[in-house]
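Now for the letters of each chain:
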Amino acid sequence: MEGVIAANLAAVRQRIEASARAASRAPDSVTLVAVSKTHPAASVRAALAAGHRTFGENRVQEALVKYPQLRDEFPGLALHLIGPLQTNKVRDAVANFDVIETVDRPRLAQALADEMERTGRRPPCLIEVNTGEEPQKAGVMPAEADRFIDECRTRFGLPVIGLMCVPPLDEEPAPHFALLREIARRHGLEILSMGMSADFEKAIRFGATHVRVGTAIFGARGGPQADT
Ligand SMILES: *Cc1c(COP(=O)(O)O)cnc(C)c1O
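Residues numbered from 1 in each chain as written. Predicted model: local features only at pLDDT ≥ 70, side-chain atom pairs only at ≥ 80, totals over all residues. Heavy atoms only, no water.

Novice: Describe the packing of aromatic side chains, listing the residues and the values that go with them.
Specialist: Scanning the model with the defined rule gives two aromatic pairs in all. Taken together, a centroid distance of 6.1 Å and an interplanar angle of 50 degrees make the contact between phenylalanine 55 and tyrosine 67 tilted. Of this pair, phenylalanine 55 sits in strand E2 (residues 54-57) while tyrosine 67 sits in the loop between helix H3 (60-66) and helix H4 (68-73), placing them twelve residues apart in sequence. For phenylalanine 55, a relative accessible area of 0% corresponds to the buried category. Relative to phenylalanine 206, the ring of phenylalanine 177 has its centre 6.4 Å away and its plane inclined at 50 degrees; by these criteria the two rings are tilted. Taken together, the positions of phenylalanine 177 in helix H8 (residues 174-186) and phenylalanine 206 in the loop between helix H9 (200-205) and strand E8 (210-213) put the pair 29 residues apart, joining distant regions of the chain. (Phe/Tyr/Trp six-rings, centres within 6.5 Å; stacked < 30°, edge-to-face > 60°. Helix = DSSP H or I, 4+ residues; strand = E, 2+ residues; numbered from the N terminus. Buried < 20%, exposed > 50% of the residue type's maximum accessible area, 1.4 Å probe, protein only.)

Novice: Kindly report on helix H2 (residues 41-49), identifying the contributing residues and their values.
Specialist: Residues Ser43, Val44, Ala46, Ala47 and Leu48 constitute the buried set of H2. Buried residues along H2 sit in contact with helix H1 (2-22), E2, H3, H4 and helix H10 (215-218). Following H2 by one or two positions, glycine 51 has its phi on the positive side, about 100 degrees. (Contact = heavy atoms within 4.5 Å.)

Novice: Tell me about the nonpolar core, residues and numbers included.
Specialist: Phe55, Ile100, Val103, Leu112 and Leu158 are the most contacted members of the largest nonpolar core, which has 62 residues in total. The element contributing the most residues to this core is helix H6 (residues 106-119), with six residues. Setting aside residues no more than four positions away along its own chain, phenylalanine 55 makes contact with Val33, Ala34, Val44, Ala47, Leu48, Tyr67, Leu77, Ala78, Leu79, His80 and Phe218. Grouped together as the second largest cluster of nonpolar side chains are six residues, Ile82, Val99, Met164 and Ile191 included. (Core = buried A, V, L, I, M, F, W, Y, C linked by side-chain atoms within 4.5 Å.)

Novice: Kindly report on empty space enclosed by the protein, identifying the contributing residues and their values.
Specialist: Summed over the entire model, instances satisfying the criterion amount to one cavity of 30 Å³ or more. Of the voids in this model, the largest cavity is the one considered here, and its volume is about 30 Å³. Lining the largest cavity, in full, are Ala63, Leu64, Tyr67, Pro68, Arg71, Leu79 and Asn96. Listing elements by their share of the lining of the largest cavity, those giving two or more residues are H3 and H4. Taken together, the residues of the lining of the largest cavity break down into five nonpolar, one polar and one charged. (1 Å grid on protein atoms, 1.4 Å probe; cavity = no way out; pocket = protein on both sides within 12 Å on 5 of 7 lines; lining within 4 Å. Points joined across faces, edges and corners; volume = space filled by probe spheres on them. Nonpolar A, V, L, I, M, F, W, Y, C, P; charged D, E, K, R; others polar.)

Novice: If you had to explain the pairing of strand E4 (residues 99-103) to someone new, which residues and values would you point to?
Specialist: Here E4 lies mainly inside the structure; five of its five residues are buried. One ladder, built from two bridges, connects strand E3 (residues 78-81) with E4; its direction is parallel. Its bridge partner being in E4, leucine 81 is matched across the sheet by isoleucine 100. Between E3 and its parallel partner E4, the chain crosses via helix H5 (residues 90-96), and the hand of that crossover is right-handed. This β-α-β element, E4 to H6 to strand E5 (residues 125-128), shows right-handed connectivity. (Pairing = 2+ DSSP bridges. Right-handed = clockwise from strand over helix to strand, strands pointing away.)

The structure is reproduced here in structure tokens:
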């Protein structure tokens, strides 16, 4: 497994570099967030052994089980929260994640601001935008994004550094990437987290600074969480 993960990582890194160059961008302008959800700590360890340091998890509880020991061993490890955050998990999220990518509603923004004030720990935040306006999906609706972004920065004082989106599964992602880039531009935000295993090269063409790649690195996910 270790060899496979190292080889997958190298292949994904190479594709990222090629896409960045093709878009006349510096290869190091794109950060690979290796999404380890549902995969065991041993898989994360294999990626760490191959030199990788930035990871993504979509559930606070799962990250709490998997990551504390790895963090002790690898001080450079950076962990991104990429899944929906419940307000009752805010304390654990602020304590255990280095970037929170899924801020999407005022109640959550308020809870994050309160916890950051209480602890002094201020992990950078991304606002998740529901670019496909899918009712079941997390993220602020595009029509409300401008106001929410302003509110997060001014009223709540959150350290907002960029935007994140997960386009609808069954749609061409390009217009969604373009929309996210446009909203970010309006707000002078430089970080764009977009693109997954199936479409990260296209996301890089549209300006992604962070691509979130799971399957292409760690293999298919099994079990009940497979599609979350
Ligand atoms: C699972 C997940 C990914 C990674 O998806 P792959 O298709 O396995 O690369 C990226 N972003 C989010 C928000 C996810 O939940």
